[in-house]
Amino acid sequence: MSLAERMKMFENVAQPEGPVKPAGGAARRWGANKTPSTAELIKKMADNDASLTTVDISNSAIFQLKAEEYTNQLADALRDSKYVKEVRLENCGLGDKEGKILGDMLASNTSVTLLDLQKNKINNDGGSALAKGLTHNKSLICLDLMSMAKTRWGDKCLDDFLAMFDHNITLLKINWRLESRKSFALNKMLTRNNEIDRRKKSGMPYEDILPTALKTPGAGGESAPAPAPAPAAVQVPPAPEPVPEPAAEPVSETETTGDKENAPPGLSGLEAERPDDTSVQAPEVHRQPTSPSFGPSSGGGAAAGGPWGTRLAPAGRAPSGGSGAGGATAGFKSLGGGAGSGVGTGMM
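What counts and how
Residues numbered from 1 in each chain as written. Predicted model: local features only at pLDDT ≥ 70, side-chain atom pairs only at ≥ 80, totals over all residues. Heavy atoms only, no water. Salt bridge = Lys/Arg side-chain N within 4 Å of Asp/Glu carboxyl O. Helix = DSSP H or I, 4+ residues; strand = E, 2+ residues; numbered from the N terminus. Buried < 20%, exposed > 50% of the residue type's maximum accessible area, 1.4 Å probe, protein only. Pairing = 2+ DSSP bridges. Axes fitted to C-alpha atoms, helices over the stretch in contact; angles between N-to-C directions. pLDDT = per-residue confidence, 0-100. Contact = heavy atoms within 4.5 Å. Core = buried A, V, L, I, M, F, W, Y, C linked by side-chain atoms within 4.5 Å.

Colleague: What is the right way to read the pattern of salt bridges from this model?
Modeller: If charged atoms from side chains of opposite charge come close, those side chains can pair. Inspection of every chain in the model, using the stated rule, returns 13 salt bridges. Where Asp49 meets Lys44, a salt bridge forms, and the shortest distance between an N and an O atom there is 3.8 Å. Arg199 is the partner of Glu195 in a salt bridge, and the nearest nitrogen-oxygen pair spans 3.0 Å. Of this pair, Glu195 and Arg199 both sit in helix α8 (residues 182-202), separated by four residues, roughly a single helical turn. The exposure class of Glu195 is partly exposed, given its relative accessible area of 24%. Ionic contacts of the salt-bridge type, sharing partners, join the residues Glu195, Arg198, Arg199 and Asp208 into one network.

Below you can see the structure in the form of structure tokens.
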């Protein structure tokens, strides 16, 4: 066999007929599983392609060369996206400028639930921009900020994240490394959001753990349900009108003042002034006939004795028919047992 025939035989063995079949039996077609370029992904997002739910541009050398330009194009496409759920930009050379662009995108996006930014160069300014964007976001669940080159999250940036949690109740996880005491407060906020999410899925009430800004209607975000209306007031019947008491009968002037002119005869001035219901009625005095007395009269006789004092005879009248003026009867017996003495002006 010549040398030419031998070479032809070896070529036929090295080049099998038909396409090469792998062990699985399927024919390998070069370029069939080609990864779409960054420009193609951005165009599909802008067109709201329902088949595109995950955008992964991690470790893209092309993206790293034009990080700001591609980030602007990506953010514009994601603002109105309805189907993209995951965005992975690991090791794409992102810095604070790109962090601000993504923060603005998060403020309006309603579909992305995971944003992977690890192994980039985002610092405190970019982190604050992300926090401010998340203040108005209601879809993102997980944010990955691990392995940032030479980044130490400062208190100002962490305060912006704490302020964000006053309005955000949907962010459940942040992957980062903190060297600040504010990490305890941030973990507490994440725990609160996870508890709210658990109660929502279980159909349990969660209004009692909502942040204050969301409990007030009109403050933005979800608000607590309106309180139940107050029960109707119970009608109380009016109180009965009081029955007027009968007016007291007027009291005569003589009963209250003790008029001396209307007082019964035989009472002293003190007894005449005493009211009828408390005064003591003096017993009636009965005159007893006495033997005539003789002798001159001084015109001013008086009878002595008795418990009510002295009683004078009426002026101008003699007790026994005499004509003496103001003469007093002599010798009559008083009720109290006293002896009377007097001198008349005439003969008996």
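Colleague: Looking at this model, I keep getting lost on the sheet that holds strand β5 (residues 173-175). Mind explaining?
Modeller: Strands in a sheet are paired, the pairing made by backbone hydrogen bonds, and the direction either parallel or antiparallel. What the five strands build is an open sheet, ordered β1-β2-β3-β4-β5; its pairing is parallel. The open sheet is flanked by β1 (54-56) and β5, the only strands paired with a single partner. The average angle at which neighbouring strand axes cross in this sheet is 5 degrees, direction not considered. Pairing geometry for strand β3 (residues 114-116) and strand β4 (residues 142-144), over three bridges, is parallel. Bridged to Leu115 within β4 is Leu143.

Colleague: Explain the confidence of the model for the protein here, please?
Modeller: Close inspection of predicted coordinates is inappropriate for parts of the model with low pLDDT. Averaged over all residues, the pLDDT of the protein equals 74, while 54% of them reach at least 70. Overall, residues 252-261 carries pLDDT values under 50, and its contacts beyond four positions in sequence, including any with other chains, amount to 13 contacts. Contacts for the low-pLDDT stretch residues 293-348, under 50 throughout, to residues beyond four places or in other chains number 66 contacts.

Colleague: Looking at this structure, I do not really get the side chain of Asp160. What am I missing?
Modeller: Within the secondary structure, Asp160 is located in helix α7 (residues 155-164). Given the relative accessible area of 15%, Asp160 is considered buried.

Colleague: Is there a simple way to explain the nonpolar core in this structure?
Modeller: When a protein is soluble and globular, its nonpolar side chains tend to lie buried together. Counting residues in each nonpolar core, the largest one holds 44 residues, and the members touching the most others are Met45, Leu89, Leu117, Leu143, Leu145 and Phe161. Where this core is concerned, the elements lending two or more residues are α2 (38-46), α4 (67-79), α5 (96-108), α6 (124-134), α7 and α8. In this structure, Ile196, Tyr206, Leu210 and Leu214 belong to the second largest nonpolar core, which totals five residues.

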